[in-house]
Amino acid sequence: MSTHKVQVRRVYDASKPSDGTRVLVDRLWPRGLSKEKAELDDWCKQVSPSNELRKWYAHDPDKFEEFADRYRTELEDDERSEALDGLRRIAADGTLTLLTAAKRDDISEATVLADLISGGH
């Protein structure tokens with residue numbers, strides 16, 4: 001039985017053969033990046049945090065834990081939950097790379113999603 005992985009990368013970094021399916025999970029298109037250069041398989045805005053949560057968080061490392069909790073709650077709404085299930089299906093078929101434009105991908109919504117898809121809480 002093969003194991004599949006979910007990884008998080010910055011959308012500005014060059015794609016790698018090991019990326020598998022590349023999905024942008026940001027609500028806004030990354031500044032200064034063409035669709036061709038992004039080399040995406042999909043853009044799943046439906047799973048991104050609300051504008052209110054995104055603006056409140058502003059990628060402040062001190063707010064990450066509370067952001068993650070609030071974001072997990074948002075992911076329970078129907079549209080986001082359905083989009084998250086779609087990402088889970090992709091991950092079940094092979095490697096899934098969640099892409100974000102955040103300067104620090106370790107404190108981004110993509111990190112929260114990767115944890116959830118991989119079976120975390």
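The coordinates are above.
Residues numbered from 1 in each chain as written. Predicted model: local features only at pLDDT ≥ 70, side-chain atom pairs only at ≥ 80, totals over all residues. Heavy atoms only, no water.

Description of helix α3 (residues 64-74)
Quick note on the threshold: Three labels apply to residues, based on accessible area from a 1.4 Å probe with only protein chains included: buried if under 20% of the type maximum, exposed if over 50%, partly exposed otherwise in between. Numbering goes from the N terminus for both helices and strands, where a helix is a DSSP run of H or I of at least four residues and a strand is a run of E of at least two. As used here, the arc belongs to the directions running from the helix axis to the C-beta atoms. Should any heavy atoms of two residues lie within 4.5 Å, those residues are considered in contact.
Taken together, the buried positions of α3 are Phe-64, Phe-67, Ala-68, Tyr-71 and Glu-74. Buried residues of α3 fall within an arc of 120° about the axis and therefore sit on the same side. On the buried face of α3, the contacting elements are α2 (51-57), α4 (78-93) and α5 (109-117).

Some details on the side chain of Arg-22
Using the following cut-off: Any pair of nitrogen or oxygen atoms within 3.5 Å is treated as a polar contact; in protein, a donor-acceptor pairing is required on top of that, and neighbouring residues in sequence qualify only through side-chain atoms on both sides.
Turning to its location among the elements, Arg-22 is positioned in strand β2 (residues 21-24). Within the structure, the side chain of Arg-22 is placed 2.8 Å from the backbone oxygen of Glu-39, a separation counted as a polar contact.

Some points on the environment of Asp-85
Inspection of the secondary structure puts Asp-85 in helix α4. Classification of Asp-85 as partly exposed rests on a relative accessible area of 31%.

Topic: the pattern of salt bridges
We count it as follows: Basic side-chain nitrogens of Lys or Arg form a salt bridge, by our definition, when they fall within 4 Å of a carboxyl oxygen of Asp or Glu.
Tallied over the entire structure, the rule returns 8 salt bridges. In this structure, the salt-bridge partner of Arg-70 is Glu-66, at a minimum N-O distance of 2.6 Å. Here Arg-70 pairs with Glu-66, and both are found in helix α3, just 4 residues apart, close to one helical turn. Residue classification places Arg-70 among the partly exposed positions, given a relative accessible area of 36%. For Asp-69, the salt bridge identified is with Arg-72, shortest N-O distance 3.1 Å. Of this pair, Asp-69 and Arg-72 both sit in helix α3, 3 residues apart, which is roughly one turn of that helix. Given the relative accessible area of 47%, Asp-69 is considered partly exposed. When its relative accessible area of 22% is taken as the criterion, Arg-72 is described as partly exposed. Linked by salt bridges that have partners in common, Arg-9, Asp-19 and Arg-22 make up one network.

A short note on α4
Because an α-helix completes one turn every 3.6 residues, residues spaced three or four positions apart along the sequence face the same direction. What counts, and what does not: Expected helix span is given by 1.5 Å per residue-to-residue step, counting one fewer step than there are residues.
Helix length check: α4 (16 residues) gives 23 Å between terminal C-alpha atoms against 22 Å at 1.5 Å per residue, within 8%. On its buried face, α4 sits against β1 (6-10), β2, α3, β4 (96-100) and α5. Where α4 begins, the capping side chain belongs to Asp-77, and its oxygen is found 3.1 Å from the backbone nitrogen of Glu-79.

As for the sheet that holds strand β3 (residues 42-43)
Our working definition: DSSP bridges decide pairing: two strands pair if at least two such bridges lie between them. Note on definitions: angles span 0 to 180 degrees between N-to-C directions of axes, and those axes are lines fitted to C-alpha atoms, for helices only across the stretch in contact.
The strand order across the open sheet built from 4 strands is β1-β4-β2-β3, with neighbouring strands paired in parallel fashion. The open sheet terminates on both sides in strands that have one partner only, identified here as β1 and β3. Where β1 meets β4, 5 bridges bridge the pair, whose relative direction is parallel. Across the sheet, residue Val-8 finds its bridge partner in β4, namely Leu-98. α4 contacts β1, β2 and β4 of the sheet and is inclined by roughly 135° relative to β4. Set on the sheet, α5 makes contact with β1 and β4; between it and β4 the angle comes to about 160°.

Geometric values such as these leave the question of function open.
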